[in-house]
Amino acid sequence: MKSDLYSHPDYLLMDELLTDEQKLVRDAARAWVKKEVSPIIDEHYEKATFPMHLLKGLGEIGAFGPYIPEEYGGPGLDQISYGLIMQELERCDSGLRSTASVQSSLVMYPIWKYGTEEQKQKYLPKLATGEMMGCFGLTEPDHGSDPGSMITNFKDMGDHYLLNGAKMWISNAPFADIAVVWAKDETGRIHGLVVERGMEGFSTPEMHGKLSLRASSTGELIFVNVKVPKENLLPGRSGLGAPLSCLDSARFGIAWGALGAAMDCYDQALRYSKERTQFGVPIGAFQLTQKKLAEMITEITKAQFITLRVGELRNEGRATSSMISMIKRNNVEIALNIAREARQIHGGMGITSEYSMMRHMANLESVVTYEGTHDIHLLITGMDVTGIPAFTREKP
Ligand code: TGC
Ligand code: FAD
């Protein structure tokens with residue numbers, strides 16, 4: 001069995017800016033990943049299966065709702081600790097982090113922020129341990145970057161709501177016990193509803209054929225006249241801003257996660273460059289290899305500091321959606337570039353499952369698309385600095 005030798009790059013001594021608790025949480029997550037996940041991840045990736053037996057352990061390391069208060073079963077950690085856990089998970093595999101960030105930011109977060117006290121008590125403690133799993137349905141077959149045009153809808157039938165429509169590309173859907181679903185009421189206003197597995201007319205077929213994020217389970221959500229009890233509506237917020245605020249939390253975790261993938265690729269490339277000899281010298285002695293490594297560590301270091309800064313601001317309640325959007329876009333982009341360069345440093349060996357760069361690279365092709373594509377995030381920054389939204393154009 002191959003050993004996991006990962007140690008994280010820290011060129012500008014960022015660890016000195018972390019609290020003891022943050023480092024403890026990160027180190028516990030890293031030790032668990034090395035012991036429980038690294039040895040089995042390739043097999044699950046190759047077979048395109050999610051390692052269900054890891055759910056309990058993910059709950060134990062605090063990966064499900066890290067910032068959810070203890071009164072609802074969460075560990076009550078700060079935002080930087082949340083980010084560090086996501087970093088450790090995605091350092092191993094983006095699919096693992098996906099499962100945790102959907103559960104935390106897209107299922108627990110909306111229930112915590114917009115749910116009733118009864119909903120919080122009913123769902124959050126079980127979601128925190130992984131005894132109950134959730135998914136988040138926003139994207140539809142014809143509405144991805146533009147979720148405001150969704151057609152999934154519900155009607156008030158007096159004693160219940162009647163839900164119809166379909167969601168696509170939903171992480172965790174095939175095994176989720178509950179789905180936080182965004183749908184329009186009769187006036188066209190968007191609301192969140194908790195739909196439970198077993199409700200008549202609700203199905204979650206798995207999507208197959210993914211060449212990316214293979215160790216994550218993705219499916220559809222189909223609603224045919226599903227009777228949803230009225231107490232399952234999240235009453236705290238409506239409108240497109242409600243699901244988008246959940247995306248802020250998930251995108252923040254993804255920014256840390258993608259950075260983890262980049263750090264893993266760099267760590268392996270650096271080690272390999274010292275071990276692999278060609279022309280009688282380690283390939284790390286060649287200037288072109290050093291250029292690659294120097295550029296990688298520079299980009300990682302810059303990303304570490306912008307990400308930490310947004311973490312500090314988020315802890316203070318001052319991080320804006322646009323700030324989070326910027327670090328999501330930047331970190332995924334640098335991670336993709338670093339994965340490609342690290343793969344090149346490994347020559348032919350880089351395309352095998354002996355090393356993780358190729359898996360990271362394929363995974364990151366999903367990460368650069370979900371939670372807002374790279375280009376949508378460019379437009380979010382563009383709008384923030386100019387004040388002019390450029391998402392829509394006159395219809396051709
Ligand atoms: P727009 O008119 O700009 O905004 C509508 C309302 O929402 C407010 N708002 C936000 N509120 C909170 N957080 C944010 N990030 C917000 N962004 C906007 C806005 O102020 C407005 O409020 P109000 O009160 O004025 O109504 O909306 P738009 O229709 O023009 O769209 C804007 C755009 C394109 C940026 C947005 O729709 C978008 O972000 N599109 C990308 C879609 C996306 O990211 N989907 C992700 C689906 S979930 C997923 O991918 C999970 S992957 C999980 C995993 O496996 O890890
Ligand atoms: P489209 O919106 O059709 O975009 C296609 C291309 O057009 C992109 O390059 C895009 O940048 C570009 N484009 C679109 N609009 C504009 C514009 N205004 N200006 C410039 N360019 C534009 N969704 C969920 O709700 N829940 C989940 O759990 C979830 N998990 C996912 C898991 C995976 C593996 C994947 C791949 C996706 C997941 N998604 C999920 C969906 C994801 O959020 C969408 O794929 C994403 O928002 C993009 O939508 P789309 O795929 O429909 O692409």
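This one's a predicted model, so the numbers in the text were calculated from it and none came from an experiment. (Residues numbered from 1 in each chain as written. Chains lettered and ligands numbered in written order. Predicted model: local features only at pLDDT ≥ 70, side-chain atom pairs only at ≥ 80, totals over all residues. Heavy atoms only, no water.)

*Asks:* In this structure, what is going on with the site of ligand 2? I would like to understand it.
*Replies:* Around ligand 2 lies a shell of 18 residues, among which Thr139, Ser145, Trp169, Thr373 and Phe391 are the nearest. Phe136 has a polar backbone atom sitting 2.9 Å from a nitrogen atom of ligand 2. Ser171 has a polar backbone atom sitting 2.9 Å from an oxygen atom of ligand 2. Taking 970 Å² as the accessible area of ligand 2 by itself, protein coverage stands at 68%. Elements with a contribution of two residues or more to the shell around ligand 2: strand 3 (160-171) and helix 11 (374-386). Looking at the shell around ligand 2 residue by residue, the classes come out as nine nonpolar, seven polar and two charged. Two domains each put at least three residues into the shell around ligand 2: domain 2 (135-234) and domain 3 (241-386). (Near = heavy atom within 4 Å. Polar contact = N/O pair within 3.5 Å; in protein donor to acceptor, adjacent residues only side chain to side chain. Areas by Shrake-Rupley, 256 points an atom, 1.4 Å probe, with all protein chains shown as cover. Helix = DSSP H or I, 4+ residues; strand = E, 2+ residues; numbered from the N terminus. Nonpolar A, V, L, I, M, F, W, Y, C, P; charged D, E, K, R; others polar. Domains from an automatic or database assignment.)

*Asks:* I'm lost on helix 4 (residues 79-92) in this one. Help?
*Replies:* Look at helix 4: 21 Å from first C-alpha to last across 14 residues, which is about the 20 Å you get at 1.5 Å a residue. Of all 14 residues in helix 4, 14 are buried; the element is thus mostly enclosed. (Expected span 1.5 Å × (residues − 1). Buried < 20%, exposed > 50% of the residue type's maximum accessible area, 1.4 Å probe, protein only.)

*Asks:* Explain the pattern of salt bridges to me, please; I cannot follow it from the model alone.
*Replies:* Side chains that differ in charge, positive against negative, can pair when their charged atoms come close. One pass over the full model with this rule turns up 20 salt bridges. Residue Glu316 pairs with Arg318 through a salt bridge whose shortest N-O separation is 2.7 Å. Using a relative accessible area of 47% as the deciding quantity, one classes Glu316 as partly exposed. Notably, a salt bridge pairs Glu365 with Arg340, separated by 3.1 Å at the nearest N-O pair. Of this pair, Glu365 sits in helix 10 (residues 357-367) while Arg340 sits in helix 9 (residues 321-345), placing them 25 residues apart in sequence. Looking at Glu365, the relative accessible area reads 39%, which means it is partly exposed. For Arg340, a relative accessible area of 37% gives the class partly exposed. By sharing partners, the salt bridges in this structure join Asp4, Arg91 and Asp264 into a single network. (Salt bridge = Lys/Arg side-chain N within 4 Å of Asp/Glu carboxyl O.)

*Asks:* Mind showing me how you'd approach the site of ligand 1 here?
*Replies:* Close contacts around ligand 1 come from 25 residues, with Ser98, Ser171, Asp248, Arg251 and Gly372 the closest. Within the side chain of Ser171, a nitrogen or oxygen atom sits 2.8 Å from an oxygen atom of ligand 1. A distance of 2.8 Å separates a nitrogen atom of ligand 1 from a polar side-chain atom of Asp248. For ligand 1, whose free accessible area comes to 1100 Å², the fraction covered by protein is 68%. Sorting the residues of the shell around ligand 1 by element identifies helix 5 (94-114) and helix 7 (241-275) as the ones contributing at least two each. Tallying contributions element by element places helix 7 first for the shell around ligand 1, with six residues. Across the shell around ligand 1, the residue classes break down as eleven nonpolar, ten polar and four charged.

*Asks:* Is there a simple way to think about the packing of aromatic side chains in this case?
*Replies:* According to the stated counting rule, one finds twelve aromatic pairs in the structure shown. An angle of 80° between the planes, with centres 5.1 Å apart, marks the rings of Tyr67 and Tyr82 as edge-to-face. Of the two residues, Tyr67 sits in the loop between helix 3 (55-60) and helix 4 while Tyr82 sits in helix 4, which places them 15 residues apart along the sequence. By relative accessible area, Tyr67 is classed as buried at 6%. The exposure class assigned to Tyr82 is buried, which follows from its relative accessible area of 0%. Seen in terms of ring centroids, Tyr67 and Trp112 are 5.9 Å apart; in terms of plane orientation they differ by 35°. Their pairing is tilted. (Phe/Tyr/Trp six-rings, centres within 6.5 Å; stacked < 30°, edge-to-face > 60°.)

*Asks:* I'm lost on the UniProt feature "domain: Acyl-CoA dehydrogenase/oxidase N-terminal" (unreviewed entry) in the protein chain in this one. Help?
*Replies:* Annotation from UniProt places "domain: Acyl-CoA dehydrogenase/oxidase N-terminal" (unreviewed entry) at residues 19-131. Each end of residues 19-131 is marked by a C-alpha atom, and these two atoms are 30 Å apart; helix forms 70% of the span and strand 0%. (UniProt positions renumbered as here; feature names shortened; annotations may be inferred.)

*Asks:* Would you explain the side chain of Ser245 in this entry?
*Replies:* Topologically, Ser245 is positioned in helix 7. Taking the relative accessible area as the measure of exposure, Ser245 reaches 10% and is therefore buried. A polar contact is formed between the side chain of Ser245 and the side chain of Tyr114, at a distance of 2.5 Å. Here Ala242 takes part through its backbone oxygen, which lies 2.7 Å from a polar atom of the side chain of Ser245.

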